[in-house]
Amino acid sequence: MKKEDCFYLGKIVKKYSFKGEVLAKLDTDQPELYENLDAIFLELRNNLVPFFVERSQLHKSELLRLKFEDVDTEADADAIMKSDLYLPLDLLPKLDGNKFYFHEVIGFTIKDKNFGNVGIIKAVNDTTAQALFEIDRNGTEILIPMNDEFIIKVDRKQKTILVETPEGLINLYID
């Protein structure tokens, strides 16, 4: 399994017991969706390694208490501490309407209600305070904030996103 075929679920943050149990901080708004997993990929030395889940349960709402097969001691747990957790993309819950996953809209066309065809989404930059669509318009990069007020419609069939940006925003990049 390659990392690009997976999504980041969270990180093992601490040991829970002397029997190899660990606590993982999940990067999700719905941790209960991941309470009964059979297996999880752990990133160990830049490789995704499958670990089979013996049991798991939510712990203090945002942490997932995990007991993996063959992780039976504190030393075993130490070996996987701070590991990132990944799951295959097909386990992501399906979104509809104007909600979307960042990886899902790469390659979509952005159309602005007033400006017209803006370009193709080549990436999503979520390292800034406001996530941004990185759009390629014939070699020119255009950045549009991913603001719910700007997004009018996500059309998965046509692979387009219709936006209405503030007047002049797109022209800043073109003129």
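See above for the structure.
Note that the structure is predicted; figures quoted are calculated from it, not measured.

K.L.:
In this structure, what is going on with the overall build of the chain? I would like to understand it.
P.N.:
Of regular secondary structure, the chain possesses 2 helices and 12 strands. In sequence order, the secondary structure elements of the chain are arranged as β-β-β-β-β-α-β-β-β-β-β-β-β-α. Relative to the 2.2 N^0.38 estimate, which gives 16 Å for 175 residues, the radius of gyration of the chain is 20 Å and therefore markedly larger than a compact globule would have. A buried classification covers 40% of the 175 residues belonging to the chain. The contacts of the chain with a sequence gap of at least 6 include a subset with a gap of at least 24, amounting to 54%.

K.L.:
Just checking my understanding: could you explain a nonpolar patch on the surface for this structure?
P.N.:
A cluster of nonpolar residues, Leu172, Tyr173 and Ile174, forms a patch on the protein surface that exposes about 290 Å² of accessible area. Inspection of the secondary structure puts Leu172 in helix 2 (residues 171–174).

K.L.:
For this particular structure, what's the right way to read the pattern of salt bridges?
P.N.:
Pairing of side chains with opposite charge becomes possible as their charged atoms draw close. Inspection of the entire model under this criterion finds 12 salt bridges. Taking the shortest distance from any N to any O, the salt bridge between Arg65 and Glu21 comes out at 3.0 Å. Here Glu21 lies in the loop between strand 1 (6–15) and strand 2 (22–26) and Arg65 lies in strand 5 (residues 63–68), a separation of 44 residues in the sequence. Between Lys153 and Asp155 there is a salt bridge; the shortest N-O distance is 3.9 Å. What emerges from the salt-bridge pattern is a single network uniting Glu21, Glu54, Arg55 and Arg65.

K.L.:
Please explain the sheet that holds strand 8 (residues 116–125) as it appears in this structure.
P.N.:
Here 6 strands make up an open sheet; going across it, the order is 10-9-8-7-12-11 and the pairing mixed. The sheet is open, and its two borders are formed by strand 10 (140–145) and strand 11 (151–155), each paired with just one other strand. When strand polarity is set aside, the average angle formed by the axes of neighbouring strands in this sheet is 35 degrees. Of the pairings in the sheet, the one linking strand 7 (residues 109–112) to strand 8 comprises 4 bridges and is antiparallel in character. Bridge pairing links Ile110 to Gly119 in strand 8.

K.L.:
Can you help me understand the side chain of Thr165 in this one?
P.N.:
Tracing the sequence through the fold places Thr165 in the loop between strand 12 (160–163) and helix 2. By relative accessible area, which is 8% here, Thr165 ends up buried. Residues contacting Thr165, with those up to four places away along its chain left out, are Asp112, Ile144 and Ile170.

K.L.:
Quick question: what am I supposed to make of the nonpolar core here?
P.N.:
One broad rule of soluble globular proteins: the nonpolar side chains tend to lie buried together. Ile40, Leu42, Leu66, Phe68 and Ile80 are the most contacted members of the largest nonpolar core, which has 22 residues in total. Among the secondary structure elements, those contributing two or more residues to this core are strand 1, strand 2, strand 3 (39–44), strand 4 (47–59), strand 5, helix 1 (74–80) and strand 6 (84–88). In this structure Ile40 touches Val49, Pro50, Phe51, Val53, Leu66, Phe68, Leu85, Tyr86 and Leu87, once residues within four positions along its chain are discounted.

K.L.:
What should I look at first to understand the environment of Asp38 in this one?
P.N.:
Relative to the elements of secondary structure, Asp38 occurs in the loop between strand 2 and strand 3. Look at Asp38 and you get exposed, because its relative accessible area is 63%. Remark: the alpha-carbon pair of Asp38 and Phe102, spanning 64 residues in sequence, is separated by 26 Å. With near-sequence residues (within four places) excluded, Asp38 lies in contact with Phe51, Phe52 and Val53.

Conventions used here
Residues numbered from 1 in each chain as written. Predicted model: local features only at pLDDT ≥ 70, side-chain atom pairs only at ≥ 80, totals over all residues. Heavy atoms only, no water. Helix = DSSP H or I, 4+ residues; strand = E, 2+ residues; numbered from the N terminus. Rg over C-alpha atoms; globule rule 2.2 N^0.38 Å. Buried < 20%, exposed > 50% of the residue type's maximum accessible area, 1.4 Å probe, protein only. Contact = heavy atoms within 4.5 Å. Patch = residues over 30% accessible without salt bridge, like charges linked within 9 Å, V, L, I, M, F, W, Y side chains within 5 Å. Areas by Shrake-Rupley, 256 points an atom, 1.4 Å probe, with all protein chains shown as cover. Salt bridge = Lys/Arg side-chain N within 4 Å of Asp/Glu carboxyl O. Pairing = 2+ DSSP bridges. Axes fitted to C-alpha atoms, helices over the stretch in contact; angles between N-to-C directions. Core = buried A, V, L, I, M, F, W, Y, C linked by side-chain atoms within 4.5 Å.

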